[in-house]
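# Analysis of the macromolecular model
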Amino acid sequence: MAMRVNTAWLLEYLTPRCTHEELLEALPRIGLEIESAHALAEELAAVKVGFVRKKQALAEGMSVCEVEIAKNRRIPVVCAAEHPVEVGWGVPVAPAGVRLPTEKTIAEGNFHGAASQGMICLDGEMGLIARGTGMQHFEDEALLGAPFSEAAQVTGHLVELNVLPNRPDFLGLLGIAREGAALLGLEVRYPDAAALSRGGGAPVAAEIETPEWCARYMVQAMRGVRVGKSPPWLSSVLLTAGMRPINNVVDITNFILYEWGQPLHAFDADRLRGKRIVVRKMRPGESLELLTGKALDAGDGARMVIADAERPVALAGIMGGRSTQTSDGTTNLLIEAAHFDRVQIRQTVRNVDLGMEKRGTESSYRFERGTDPNRMLEGAMDRACALIGELAGGKVEGGLVDVYPRKRERRTVRLSTERTSRYLGMPVTAETIRKCLTRLGMECSAGGEEIEVRV
């Protein structure tokens, strides 16, 4: 699987920061294959600073602008209301034929009878992390026709990384940052999660009927949520990763999937029936309508589901159901973080038609390859609750529900200098082993040639 990553986003998790070039050179050395690397300053030179000379309403939420992209050269550009555009602004314009670093090629088109010969670009559409409002604009007429990358002093790269099957920890930016920090002698900067004032009780009970399929299941209720548009920085990072922004709640769960490598799901709590949520097998006669509109029953190969007190509401680890999806009217949430069996997820993805062109989802891909039931799960849940509080006004309701029937302890292994040296074909001291593994966040016993390592 390829992960598209903006180096500026990845550098947010390293301290002190290295250069974009040092980070780019480190990625293959830690085991990532770079399928493509886009130097943003070079590739965005084809995007010009054009000045809006005229603007006319076209259809609901759309307008057509006359944009001067060079002296005495004006082109019509149709734009949506995703971001306000005013007459007199200098804006980043990609003329027809330009291919953006995000691999989108701009083509001429016709919208509601109006021709369009380019696109006014948001930061995220160009592969950039948003500055300010999410679309840069200029007032200095001397910049007319200038390459956008020069006017905005663009830096960094957008890279497509191939993650090998044996490295599921690289399916989150924090996993990549941990290895990069160890190589470059830096520290990982984990996201700050605001202290959550959780209460004693919980408004919902959770149960795992199939512990062989689900090792741990956590849910947190949140109330007073305001679902709406995500802030520019959040929309832009998702666009750079190739994901479409939907609303602040869904976008937060997708952001954390990329940040931690841990899939999450948000249910509309008021659409759940009863005060109970269960991980179980799908029963004969039951049906589930997925977010894609595809209806499933037990005969379709769907096996592990998340259910409320009465019916299935999600295909576990793969996709939510329409009956409990968040919408503009959602005010109360139930946030799910879980650890599902990789074999069960893989079998379901192979057997079930999800109503999509490709098999599987971003969530199922990560569960198939293996997630961490401990620190990653807990960190992702806390981060989600903190961001929903910050960006959607939600407050945690009651305590965290955490069902963990057979706790999986961190693995401990014994490692000798003799075996390590023989395996690598070169002498390695105990001091070197301890130093390398400690940089990766592992705990090593002190003294001696045989080292106990807590992974």
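Here, the structure is the one placed above.
Residues numbered from 1 in each chain as written. Predicted model: local features only at pLDDT ≥ 70, side-chain atom pairs only at ≥ 80, totals over all residues. Heavy atoms only, no water.

### Describing the overall build of the protein chain
Threshold: Under the scheme used here, helices are H or I runs from DSSP no shorter than 4 residues and strands are E runs no shorter than 2 residues, and both carry numbers assigned from the N terminus. What the globule rule says is 2.2 Å times the number of residues to the power 0.38, and the radius of gyration is computed from C-alpha atoms. When a residue's accessible area, from a 1.4 Å probe over protein chains only, is under 20% of the maximum for its type it is buried; when over 50% it is exposed; and in between it is partly exposed.
Scanning the protein chain from terminus to terminus reveals 12 helices and 26 strands. Taking 455 residues into account, the globule formula puts the C-alpha radius of gyration at 23 Å, and the protein chain, at 25 Å, falls close to it. C-alpha atoms of the protein chain, sized along the principal axes, occupy 75 × 65 × 40 Å. The buried share among the 455 residues of the protein chain stands at 51%.

### A short note on the nonpolar core
Selection criterion: Only buried residues count toward a nonpolar core. Its members are Ala, Val, Leu, Ile, Met, Phe, Trp, Tyr and Cys residues joined through side-chain atoms within 4.5 Å.
L27, F255 and I256 are the most contacted members of the largest nonpolar core, which totals 56 residues. With nine residues, helix α10 (residues 375-392) is the single largest residue contributor to this core. In this structure, C214, A314, L334 and A338 belong to the second largest nonpolar core, which totals 36 residues.

### Notes on the sheet that holds strand β25 (residues 443-444)
Sheet strands associate in pairs through backbone hydrogen bonding, adopting either a parallel or an antiparallel arrangement. Quick reminder of the rule: A pair of strands is labelled paired if DSSP reports no fewer than 2 bridges between them. Residue contacts follow a heavy-atom distance rule, with two residues in contact if any of their heavy atoms lie within 4.5 Å. Angles here are taken between N-to-C directions and fall from 0 to 180 degrees, while the axes themselves are lines fitted to C-alpha atoms, restricted in helices to the stretch in contact.
In spatial order, the strands read β24-β26-β25; together these three strands make up an open sheet with antiparallel pairing. Of all strands in the sheet, those with a lone pairing partner are β24 (412-416) and β25, marking the two edges. In this sheet, strand β26 (residues 450-454) lies alongside β24 in antiparallel orientation, the contact comprising five bridges. In the sheet register, V413 faces β26, and the bridge partner there is V453. In the packing of helix α12 (residues 430-439) onto the sheet, contacts are made with β24, β25 and β26, and the angle to β26 comes to roughly 5 degrees.

### As for the side chain of D251
Which entries qualify depends on this criterion: As used throughout, the charge tally considers Lys and Arg to be positive and Asp and Glu to be negative, leaving His and the chain termini uncounted. By definition here, a salt bridge exists when the distance from a side-chain nitrogen of Lys or Arg to a carboxyl oxygen of Asp or Glu is within 4 Å.
Take D251: it is sitting in helix α7 (residues 248-260). Look at D251: it is buried, it has no salt bridge, and the nearest opposite charge is R244 at 8.0 Å.

### Quick notes on helix α9 (residues 362-369)
In an α-helix, one full turn covers 3.6 residues, which means residues spaced three or four apart are oriented alike. Among the eight residues that make up α9, six are buried, leaving the element largely enclosed by the rest of the structure. Those residues of α9 that fall on the buried side of the exposure criterion are S363, S364, Y365, R366, F367 and E368. Directly after α9, the chain includes G370, whose backbone phi takes a positive value near 110 degrees.

### A look at the layout of surface pockets
How we decide: Cavity means a closed set of points on a 1 Å grid over the protein atoms alone, one where a 1.4 Å probe fits but cannot get out, pocket means an open set with protein on both sides within 12 Å along at least 5 of 7 lines, and lining means a residue has an atom within 4 Å of a point. Grid points are joined across faces, edges and corners, and a volume is the space filled by probe spheres set on the points. Only Asp, Glu, Lys and Arg are considered charged, only Ala, Val, Leu, Ile, Met, Phe, Trp, Tyr, Cys and Pro nonpolar, and every remaining residue, Gly among them, polar.
Its volume calculated, the largest pocket comes out at about 1600 Å³. Around the largest pocket, the lining is made up of 38 residues, and of these D169, R178, D372, P373 and V455 lie nearest the centre. At the level of secondary structure, the elements contributing two or more residues to the lining of the largest pocket comprise α5 (173-184), β22 (333-340), α9 and α10. By residue number, the principal contributor to the lining of the largest pocket is α5, which donates four residues. Classifying every residue of the lining of the largest pocket by side-chain character gives 12 nonpolar, nine polar and 17 charged. Its boundaries defined by the atoms lining it, the second largest pocket holds a volume of some 1100 Å³. Of all the secondary structure elements, the ones that give two or more residues to the lining of the second largest pocket are α7, β15 (264-268), β20 (312-315), β21 (319-320), β22 and α9. Grouping the constituent residues of the lining of the second largest pocket by class yields 19 nonpolar, 13 polar and four charged.

### Focus on the packing of aromatic side chains
Rules: Centres within 6.5 Å make a pair out of two Phe, Tyr or Trp rings, where for Trp the six-membered ring is used; the pair is then stacked when the planes are under 30 degrees apart, edge-to-face when over 60, and tilted otherwise. We count a charge as sitting over a ring when the NZ of a lysine or the CZ of an arginine lies within 6 Å of the ring centre and within 35 degrees of the ring normal.
Counting across every chain of the model gives six aromatic pairs. Each ring, one from W9 and one from Y258, has its centre 5.9 Å from the other, and the planes form 15 degrees; the classification is stacked. Placement of W9 in helix α1 (residues 7-11) and of Y258 in helix α7 is noted, with a sequence separation of 249 residues between them. Note on Y258: relative accessible area 1%, which makes it buried. Taking the centre distance of 5.1 Å and the plane angle of 75 degrees together, the rings of F340 and F367 count as edge-to-face. Here the residue F340 occupies a position in strand β22, and F367 occupies one in helix α9, the gap between them amounting to 27 residues. Accessibility classification places F340 together with F367 in one group, the buried group. Put simply, the rings of W9, W233, F255 and Y258 pair up and form one aromatic cluster. The residue whose ring lies beneath R369 is Y365, and the NZ or CZ to ring-centre distance is 3.5 Å. If you follow R375 out to its NZ or CZ, it ends over the ring of Y190, 5.7 Å from the centre.

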